[in-house]
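# Examining the three-dimensional arrangement
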Amino acid sequence: EKGSAPAIPVDPRFDIAYVTPVTIGTPPQTLYLDFDTGSSDLWVFSSHTLASQVRGQMIYSPEKSTTAKLLAGHTWSIRYGDGSGSLGNVYTDNFTVGGVTVTSQAVQTAQQVSTSFTSESDIHGLVGLGFSTLNTVYPNGQLTFFDNAKSQLDSPVFTADLKWKKEGTYDFGFIDETKYTGEITYLPVQTDPGYWTFTSSGYAVGDGSFNQVSISGIADTATSLTYLPTAVVTSYWRQVEGAVNSQYYGGYVFPCSSKLPSFTFGVGSANITIPGSYINYAQITEGSPTCFGGLQSSSGLGINIWGDVALKAAFVVFNGGNPPTIGWARK
Ligand SMILES: CC[C@H](C)[C@H](NC(=O)[C@H](C)NC(=O)[C@@H](CCSC)NC[C@@H](N)Cc1ccccc1)C(=O)O
């Protein structure tokens, strides 16, 4: 079995996040969810969510699904790196993405969500695609959609082909050779504590020389920007006239008129190049001549995150085989 589903940018001006249509329950209820390799909870806005915290999101109503079953005595509560979070109860129900159906998927219904989720009407929840060890359901942790679907997929993989300001795809169970050029380079994955953690072999700024340095970080499809060690990020922004690391804006800002250099990162003996345009992330406010960078320092996070700004420059294979590996190809 295999499937394919669109990854739709949430905001046409800049790629805050990508959402993918899924159907839950019987009869099927459609929601648009943020597929997230950086976490492992599948949670949705629901009929259980405090009305004051719902603002235009589509919701899942288990009471309207003949196949929904309450997972009695189970709760969940998750916190994300940006301080956002949500919590609630758990049902199992039919869950379908791109034609691939899992019949008793744990669907975590939110009772409460933090303000940043309330304010993002285009994101109706998350589908965690990290390793199931990260799942927060208590007292028994639940499996991700990918872990549940793996055995019925032609191949135990899913791929991310995210695009700059355009619709991309998530494929499940197969590798679409038409979506990349050259070879796919596979790297080992550290599955503890549960992210897709890999080590890049170094970086180059623009057409400058390549710096051989190991950079361990996570591939996170639901983090908009890319956060790397301060030394790496400083050497990038040093090349941009007028770029400053602003305390006020919480990161590097620069004149929107700048022509930004590309950023190349190593994957084994190959490499991926992020065009400078992808790093010109967004104006700090509508109409401002000052822009916010898509490449920022990870020093405050304690972990490096290869988010959408990096992922959309590549075709990425998340191989859930034994052992798991992560594959990178140019496109
Ligand atoms: C502060 C909490 C830390 C970060 C940690 N939580 C995590 O690592 C969770 C699973 N993952 C995340 O917070 C991040 C990875 C951070 S690396 C530490 N990925 C998921 C995030 N992009 C989901 C999201 C999507 C849209 C809007 C906001 C957030 C924990 O629970 O300990």
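Residues numbered from 1 in each chain as written. Predicted model: local features only at pLDDT ≥ 70, side-chain atom pairs only at ≥ 80, totals over all residues. Heavy atoms only, no water.

### Focus: the overall build of the protein
The following threshold applies: Helix and strand definitions here come from DSSP, where helices need a minimum of 4 consecutive H or I residues and strands a minimum of 2 consecutive E residues; each element is numbered from the N-terminal end. Our radius of gyration looks at C-alpha atoms and nothing else; its globule reference is 2.2 Å times the residue count to the power 0.38. Relative accessibility under 20% of the residue-type maximum defines a buried residue, over 50% an exposed one, and the middle range a partly exposed one, all with a 1.4 Å probe and only protein chains included. Note on contacts: a residue pair is in contact if any heavy atoms of the two residues lie within 4.5 Å. Reported accessibility uses the Shrake-Rupley method at a 1.4 Å probe radius. Residues are deemed covered only where the shown protein chains occlude them.
Counting its secondary structure elements, the protein contains five helices and 24 strands. Radius of gyration (C-alpha) of the protein: 20 Å, near the 20 Å computed for a compact globule of 331 residues. When the backbone C-alpha atoms are referred to their principal axes, the protein occupies close to 60 × 45 × 35 Å. Counting all 331 residues of the protein, 56% fall into the buried class. The long-range share in the protein, meaning contacts at least 24 apart out of those at least 6 apart in sequence, stands at 66%. Split by element, the accessible area of the protein, about 13,700 Å² in all, is 52% carbon and sulfur.

### Regarding the state of the cysteines
Applicable threshold: The disulfide criterion used throughout: a pair of cysteine sulfur atoms within 2.5 Å.
By the definition in use, this model includes one disulfide. Each sulfur of the disulfide joining Cys256 and Cys291 lies 2.1 Å from the other. In this structure, the disulfide formed by Cys256 and Cys291 twists by about 105° around the S-S bond and is classed as right-handed. Residue Cys256 is found in the loop between strand S16 (251-255) and strand S17 (263-267), and its partner Cys291 is found in strand S20 (residues 290-293); the two are separated by 35 residues along the sequence. With a relative accessible area of 3%, Cys291 lands in the buried category.

### A word on the site of the ligand
Note the cut-off: Near, as used in this document, describes a residue that has one of its heavy atoms within 4 Å of the molecule or strand being considered. Polar contact criterion, stated in full: a pair of N or O atoms within 3.5 Å, where within protein one must be able to donate a hydrogen and the other to accept it, and residues adjacent in sequence count only if both atoms are side-chain atoms. Side-chain classes are defined by residue name, with Ala, Val, Leu, Ile, Met, Phe, Trp, Tyr, Cys and Pro counting as nonpolar, Asp, Glu, Lys and Arg as charged, and the others, Gly among them, as polar.
Taken together, 18 residues form the shell around the ligand, and within it Arg79, Gly81, Tyr195, Asp220 and Ala222 come nearest. Between Gly38 and the ligand, the recorded distance is 3.0 Å, taken from a backbone N or O atom to a nitrogen atom. One of the backbone N or O atoms of Ala222 is found 2.8 Å from a nitrogen atom in the ligand. Burial of the ligand by the protein amounts to 72% of the accessible area it has alone, namely 690 Å². Classifying every residue of the shell around the ligand gives eight nonpolar, five polar and five charged.

### Re unusual backbone geometry
In this chain, Thr26 is followed by Pro27 through a cis amide linkage whose omega measures -10°. By the element assignment, Pro27 lies in the loop between strand S2 (18-24) and strand S3 (29-36). Between Tyr138 and the following residue, Pro139, the backbone shows a cis peptide bond with an omega angle of 5°. Phi at Lys165 is positive, roughly 55°, even though this residue is not glycine.

### Side note on the pairing of S3
Our working rule: When DSSP locates at least two bridges between a pair of strands, those strands are taken to pair.
In terms of burial, S3 is largely enclosed, as six of its eight residues are buried. Where S2 and S3 come together, six bridges link them in antiparallel fashion. By the bridge assignment, Thr20 is partnered in S3 with Leu33. Taking the residues that link successive antiparallel strands as the turn, the S2-S3 hairpin has four residues, and the phi of Gly25 there is positive, at about 85°. When S3 meets strand S8 (residues 125-128), the two strands line up parallel, connected through three bridges. Opposite Asp36, over in S8, you have Gly128 as the bridge partner.

### A look at the packing of aromatic side chains
One pair of aromatic rings is described through two measures. These are the centre distance and the angle between the planes. Filter applied, for reference: Here a pair means two rings of Phe, Tyr or Trp (six-membered ring of Trp) with centres within 6.5 Å. Their orientation is stacked below 30 degrees between planes, edge-to-face above 60, and tilted elsewhere. In this scheme, Lys NZ or Arg CZ marks a charge over a ring once it lies within 6 Å of the ring centre and within 35 degrees of the ring normal.
Taken as a whole, this structure holds 27 aromatic pairs when the rule is applied. Ring centres of Phe265 and Trp328 lie 5.5 Å apart, and the angle between their planes is 85°; on these two criteria the pair is classed as edge-to-face. One end of the pair, Phe265, is in strand S17; the other, Trp328, is in strand S24 (residues 325-329), with 63 residues separating them in the sequence. Residue Phe265 shares its accessibility class with Trp328, and that shared class is buried. Put simply, the rings of Phe35, Phe95, Phe131, Phe145, Phe146, Phe158, Tyr170, Phe172, Trp196 and Phe318 touch in pairs and so form one group of aromatic residues. In this arrangement the basic side chain of Lys2 is found over the ring face of Phe174, its NZ or CZ atom lying 5.3 Å from the centre.

### Examining the pattern of salt bridges
Quick reminder of the rule: For salt bridges, the criterion is a side-chain nitrogen of Lys or Arg within 4 Å of an Asp or Glu carboxyl oxygen.
Enumeration according to the criterion identifies eight salt bridges in this entry. One salt bridge in this structure joins Asp15 and Lys312, with 2.7 Å as the shortest N-O distance. Linking Asp15 in the loop between strand S1 (3-9) and S2 with Lys312 in the loop between helix H5 (308-311) and strand S23 (315-319), this pair joins segments that are 297 residues apart in sequence. One exposure class covers both Asp15 and Lys312, and it is buried. For the salt bridge of Asp161 with Lys163, the shortest nitrogen-to-oxygen distance reads 3.6 Å. Using a relative accessible area of 28% as the deciding quantity, one classes Lys163 as partly exposed. Among the charged side chains, a network of salt bridges with common partners joins Asp11, Arg13 and Glu286.

### Structural notes on the side chain of Thr325
Here Thr325 shows up in strand S24. Using a relative accessible area of 16% as the deciding quantity, one classes Thr325 as buried. Of the polar contacts made by the side chain of Thr325, one reaches the side chain of Asn319; its length is 2.8 Å. Each residue touching Thr325, except ones within four places of it in the same chain, is listed here: Tyr186, Leu187, Val189, Trp196, Val317, Phe318 and Asn319.

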